[in-house]
Every structure is written in structure tokens, then in C-alpha cells.
Amino acid sequence: MRIAIVHNVVTEADAPDAKDVLAQVEVIAVALASLDHEVNCLGCTLDLEDMQRKLTVLAPQLVFNLVESLGGYGRLIDLFPSLLETLQLPYTGSGAEAIRLTSNKTAAKKQMRDVGLPTPVWFGPYPGAMSPSIEEGTTHDRTWIIKSLWEHASIGLDRNSFVQTGSASTLMAEMTKLASALGGACFAEEFIAGREFNLSILAGER
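Residues numbered from 1 in each chain as written. Predicted model: local features only at pLDDT ≥ 70, side-chain atom pairs only at ≥ 80, totals over all residues. Heavy atoms only, no water.

(A) Expanded view of the pairing of strand β7 (residues 186–190). Along β7, four of the five residues are buried, which leaves the element largely enclosed by surrounding structure. When strand β4 (residues 122–126) meets β7, the two strands line up antiparallel, connected through three bridges. Counted as the bridge partner of Phe-123 is Ala-188 from β7. Bridge analysis of strand β5 (residues 142–148) against β7 gives five bridges, and the strand direction is antiparallel. Bridging from a neighbouring strand, Trp-144 pairs with Glu-190 of β7. (Buried < 20%, exposed > 50% of the residue type's maximum accessible area, 1.4 Å probe, protein only. Helix = DSSP H or I, 4+ residues; strand = E, 2+ residues; numbered from the N terminus. Pairing = 2+ DSSP bridges.)

(B) The sheet that holds β4, seen in detail. Taken in spatial order, the four strands make up an open sheet running β4-β7-β5-β6, and their pairing is antiparallel. What marks the edges here is a single partner per strand, and that holds for β4 and β6 (162–165). Averaged over all neighbouring strand pairs, the angle between strand axes comes to 25°, with direction disregarded. On the sheet, helix α6 (residues 168–178) packs against β4, β5, β6 and β7 and is oriented at approximately 40° with respect to β4. (Axes fitted to C-alpha atoms, helices over the stretch in contact; angles between N-to-C directions. Contact = heavy atoms within 4.5 Å.)

(C) Molecular detail of helix α2 (residues 48–58). Of the positions making up α2, those classed as buried are Met-51, Leu-55 and Leu-58. Across the axial projection of α2, the buried residues extend over an arc of 65°, all falling on one side. Turned more than 90 degrees off the buried face of α2, the exposed positions are Glu-49, Thr-56 and Val-57. Of the surrounding secondary structure, the elements contacted by the buried residues of α2 are β1 (2–8), β2 (38–44), β3 (62–66) and α3 (79–86). Looking one or two places after α2, you find Ala-59, whose phi comes out positive at around 50°. (Arc of directions from axis to C-beta.)

(D) Region of interest: the packing of α2 against α3. Interaxial distance between α2 and α3 falls to 11 Å at its minimum, and their mutual angle equals 40°. Relative to α3, the element α2 lies oblique. Two packed elements cross with a definite hand, and for α2 against α3 that hand is right-handed. Residues Leu-48, Met-51, Gln-52 and Leu-55 of α2 form the contact with α3, whose own contacting residues are Leu-79, Phe-80, Leu-83 and Leu-84. Taken together, the residues of the contact of α2 with α3 break down into seven nonpolar, one polar and no charged. (Parallel < 35°, antiparallel > 145°, perpendicular 65-115°, else oblique. Left-handed = near helix turned anticlockwise from the far one by under 90°. Nonpolar A, V, L, I, M, F, W, Y, C, P; charged D, E, K, R; others polar.)

Okay, here's the thing in C-alpha cells:
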């Protein structure tokens, strides 16, 4: 089978967690080649027309999607699978709509809340309409963590990301101050002490 492994282009200036995608490419390429598949590795940028031309010429039977961001922005992660769906190329991973719906953290939290799944209260996003989770003047003083609305992992997080307050105006001021370091958009979520677990779900027959 002719398989294209497509990943987001990274540079020397990128953080180690971003460069890790290249290690993933290498491991997957070796595994696929050992199974006698024809493997081609392509780097994807914001120039999706160029990627469309390359894929049209290569005509892969399957695309292994490792595109985690475009132009350094995680919020654009659904654009590449949208292109693959337009070209009617089968690919690994979730579909463009599922990625789009889950990449926005407050939108994902609203979906979880709507079906009764527990999720910490939040305020935000900034910029954008404010959530009613906390109102000015309430006594719900708690520890909040201000995190990126779109970017994954712990990008932009440090000791300044934590705020102890019950004031909406204080949270707004802190989000305004930290937004640029968090990919341009952020929100505040009640901080829950303890370990964080990253769970992957694989679709299959019931």
C-alpha cells in the first residue's frame, strides 16, 4: 500500500514538544516499511494548495495524519483533515468535524456539561463572550488556572497561570494579560489538584 505520512513542519526555534512529531514520523515510517508498505513523508504548512498538488501527484491510498498544528497554531488543526476529506483520501485519526468540535476547550466543556459529564467550572473565553460560571461580587473564591483555549499540552503555562479570586473582573484582567503567551485566546478553569491523565480513545466494533 502507498502511504503518505504527513506532519506539520517544525523549525529549530520550536519547542521540544513540537519537534517530537519528527520522532513519531520516524517510528511510524520504520514500522510501515517493515510491513512492506511504500512510505512517503510530507511536511504540511499553511500552503494547502501546495499540499493538494503533492497529494494529487503522489495519489496515496492512505494518509497517516500527524499534523498537530499549522503555522504554529493549534486552532488550525482541522484544516488538513478537511482537505483530505475534500480530496476523498482515507486517513488515520478523527474526522475534521470531531477535531474542530473538541479542539476548542470551552466548546468541548459545554458539550460534556450538556450530557452530564463532570467538568470543572470555567470563565471565558477571552476574547469572546463570557461564561456565566462566575459573577462579579460572588463569594465563590477559588483557585483558577488560566490556559490556552486552543493549544494543547502545557503551552504557555507557568506559576503566573494560577489565580486565587472570586472576582470576574480580576480574572478578566489576568486573561487579558496572559492571552498573547497562550496563543491569543484563553480561559480560566477551576484548578483541581492532582495528576492529569491524557486518555486516547480508539474507535472499533462494539
